[in-house]
Structure formats: structure tokens, C-alpha cells
Amino acid sequence: FVFAEPTVNPEEPDEEFPFVLLTGRGSSAQWHTETRTSKSEILKKLHSTQPFIEIHPDDAKRVGSGVRDYDKVIVRSRRGRLKISVRVTASVRKGNVFIAMHHPKLNRVTLESFDPHSRQPNYKASCVAVEQP
């Protein structure tokens, strides 16, 4: 095992990019990069084929004139932008948003930051804005 001292996030939320974008497994049917699970017809039926962003209800009210489930929004970071559907849920903490990591378009907005030892990507430190189109 290699242990490293904790470091500060490469980005912190600010006025222009107020949300921390978290990425991860979208469902129990999605594992790693889906090299195997995407070949299973049963597992493919258990998760959405279209990406969506999860946002806390209080934050959803603050986006433009307010957004609701299935509305389209623009997720914008310092690196790019992505148009995506919304799911409003209290399971996401205020100030954070979540997108499943299994959609290639997500890479447009994530931070290119890697652990120096494992080379594991740090996709949980990207700051974004969520805007109405």
C-alpha cells in the first residue's frame, strides 16, 4: 500500500461554478467502465441509457427560473459543457450534483486530475455551473 498525505481539491466552488460535480456508478447494474456489464441484456435494462444530472430540490429551484425532473440543462465547467436531463432528488447533498460516470460525454466537463501513485482519475473534484439552455 502507498499512503499519501491528503491534498486540497484542485478546484473549489466559486460564484461562477458553484456546484461540486460528483461522478460514480449510476446503478448496481453498472460496474467499472461497463466492459462486461454493458454486454448483459438484463443489466442494460436496469439503468438509464441516457445520462442525467441529479440535483437537490433546493438547488434545482435556484437554477434559472427553477428546473424540474426531465428538464434539460447545460452543465458547464472550465473545460467544456454538456446538455443533459435533470432528476431532482434529496439524495444529493446541497451544493453537489451527480452524474453517472458511464457516459462518455461526461468527460467534456470533468477535471483531468490523477492520483500520482495509482493514476486513478479524480473525477469528484470538478466544479460546475448548472444553467437553463
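Look above for the structure.
Notes on the structure in this doc start here. (Residues numbered from 1 in each chain as written. Predicted model: local features only at pLDDT ≥ 70, side-chain atom pairs only at ≥ 80, totals over all residues. Heavy atoms only, no water.)

Re the sheet that holds strand β4 (residues 81-88)
Taken together, 6 strands build a closed barrel; the order of strands is β1-β5-β2-β4-β3-β6 and the barrel is mixed. The sheet shows a mean angle of 45° between the axes of neighbouring strands, direction not considered. Direction of pairing for strand β3 (residues 72-76) relative to β4: antiparallel, over a ladder of 5 bridges. Within β4, the position partnered with V73 by the bridge is I84. (Pairing = 2+ DSSP bridges. Helix = DSSP H or I, 4+ residues; strand = E, 2+ residues; numbered from the N terminus. Axes fitted to C-alpha atoms, helices over the stretch in contact; angles between N-to-C directions.)

Focus on the environment of T89
If you trace the backbone, T89 turns up in the loop between β4 and β5 (96-100). Polar contacts involving the side chain of T89 include one to the side chain of S91, which spans 2.9 Å. (Polar contact = N/O pair within 3.5 Å; in protein donor to acceptor, adjacent residues only side chain to side chain.)

Details of the side chain of S85
Checked against the element boundaries, S85 lands in strand β4. Its relative accessible area of 16% is what places S85 among the buried residues. At 3.2 Å, the side chain of S85 forms a polar contact with the side chain of K72. (Buried < 20%, exposed > 50% of the residue type's maximum accessible area, 1.4 Å probe, protein only.)

Remarks on the nonpolar core
Of all hydrophobic cores here, the largest spans 18 residues; its most connected members are I53, V73 and V97. Looking at this core element by element, the count peaks at 3 residues for β4. Aside from chain neighbours lying at most four places away, what touches V73 is I53, V67, L82, K83, I84, V86, V130, E131 and P133. (Core = buried A, V, L, I, M, F, W, Y, C linked by side-chain atoms within 4.5 Å. Contact = heavy atoms within 4.5 Å.)

Let's talk about the pattern of salt bridges
Per the counting criterion, the structure on display carries 7 salt bridges. With a closest N to O distance of 2.8 Å, D58 and K94 form a salt bridge. One end of the pair, D58, is in helix α2 (residues 57-62); the other, K94, is in the loop between β4 and β5, and 36 residues separate them in sequence. On the basis of relative accessible area, D58 is assigned to the partly exposed category, the value being 32%. K94 sits in the exposed class, given a relative accessible area of 51%. Among the ionic pairs, R62 bridges to D59, the shortest N-O distance being 2.9 Å. Of this pair, R62 and D59 both sit in helix α2, 3 residues apart, roughly one helical turn. (Salt bridge = Lys/Arg side-chain N within 4 Å of Asp/Glu carboxyl O.)

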